[in-house]
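Examination of the molecular architecture
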Amino acid sequence: MKSHSVRPMYVEFIPKTLEYGVLYISKKFRTASHLCCCGCGTKIVTPLRETEYALAEHAGLVSLTPSIGNWNDPCQSHYWIKDNRVVWAGPMTKAEIRQGRAYDDALKSAYFGKVAWPWWQQAWGWLKRFLDKFFR
Ligand SMILES: [Zn+2]
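Residues numbered from 1 in each chain as written. Predicted model: local features only at pLDDT ≥ 70, side-chain atom pairs only at ≥ 80, totals over all residues. Heavy atoms only, no water.

1. Re the coordination of the zinc ion
Protein-derived ligands of the zinc ion are Cys36 (SG), Cys38 (SG), Cys40 (SG) and Cys75 (SG), with the metal-ligand distances lying across 2.3 to 2.4 Å. Considering all four donor atoms around the zinc ion, the spread of angles at the metal, 102 to 112°, places the coordination shape in the tetrahedral class. Counting residues between consecutive donors of the zinc ion along the chain gives the motif C-x1-C-x1-C-x34-C. Residue Cys38 is classed as buried on the basis of its relative accessible area, which comes to 17%. (Donors = N, O, S within 2.8 Å, 3.2 Å for Na, K, Ca; no water. Tetrahedral: all angles 85-135°; square planar, octahedral: opposite > 155°, others 65-115°. Buried < 20%, exposed > 50% of the residue type's maximum accessible area, 1.4 Å probe, protein only.)

Structural data, given as structure tokens:
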């Protein structure tokens, strides 16, 4: 059954056995983990680093960006965690997944290689993905 909310739990170490519906957050090790919100039981690890995930918190509500895409597992779940809510996205096409991955890889190599992309190139990448999604 799909979950529509998560409960943040602050821990030092991520436990071996996770409870469904709980988002475990370890600030010490800069990582968060939860079981896939579709209920398939896959453990999702979201490292909280510049090139991976960002955790936003306010008044006990947590959000993770970017979205969580479980592309390596049969469920192919795609959702956002926003203010403790699970916001489900429609299934992405394989082409969109590839495109997203290629973009992420480019972003990572730009970051690690300390090569700054011109801002307009980044903006165009985002705009293109946005247009592809909505005007297909
Ligand atoms: Zn799943």
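2. A few points about the sheet that holds strand S2 (residues 22-26)
What links the strands of a sheet is backbone hydrogen bonding, and the strands pair in either a parallel or an antiparallel sense. One open sheet holds the four strands; their spatial order is S1-S2-S3-S4, and the pairing between them is mixed. Edge positions in the sheet fall to strand S1 (7-10) and strand S4 (43-47), since each has one partner strand and no second. In this sheet, neighbouring strand axes are inclined to one another by 20° on average, regardless of whether the strands run parallel or antiparallel. When S2 meets strand S3 (residues 31-35), the two strands line up antiparallel, connected through three bridges. Within S3, the position partnered with Tyr24 by the bridge is Ser33. (Pairing = 2+ DSSP bridges. Helix = DSSP H or I, 4+ residues; strand = E, 2+ residues; numbered from the N terminus. Axes fitted to C-alpha atoms, helices over the stretch in contact; angles between N-to-C directions.)

3. So, the sheet that holds strand S5 (residues 54-58)
If you trace the four strands from one edge of the open sheet to the other, you get S5-S6-S7-S8, paired in antiparallel fashion. Each having just a single partner strand, S5 and strand S8 (85-88) make up the two edges of the open sheet. On average, each strand axis in the sheet is inclined to that of its neighbour by 25°, with strand direction left out of account. Bridge count for strand S6 (residues 61-69) against strand S7 (residues 78-82) is three bridges, and the pairing is antiparallel. Paired with Gly69 across the two strands is His78, which belongs to S7.

4. Thoughts on the pattern of salt bridges
With the rule as written, the count across this model stands at four salt bridges. A salt bridge links Glu12 to Lys28, with the shortest nitrogen-to-oxygen separation between them at 2.8 Å. Of this pair, Glu12 sits in the loop between S1 and S2 while Lys28 sits in the loop between S2 and S3, placing them 16 residues apart in sequence. The exposure class of Lys28 is exposed, given its relative accessible area of 56%. Here Lys27 makes a salt bridge to Glu57, at a shortest N to O gap of 2.9 Å. Within this pair, whereas Lys27 is found in the loop between S2 and S3, its partner Glu57 is found in strand S5, the two being separated by 30 residues in sequence. (Salt bridge = Lys/Arg side-chain N within 4 Å of Asp/Glu carboxyl O.)

So far we have only geometry, and geometry alone does not tell us how the molecule works.
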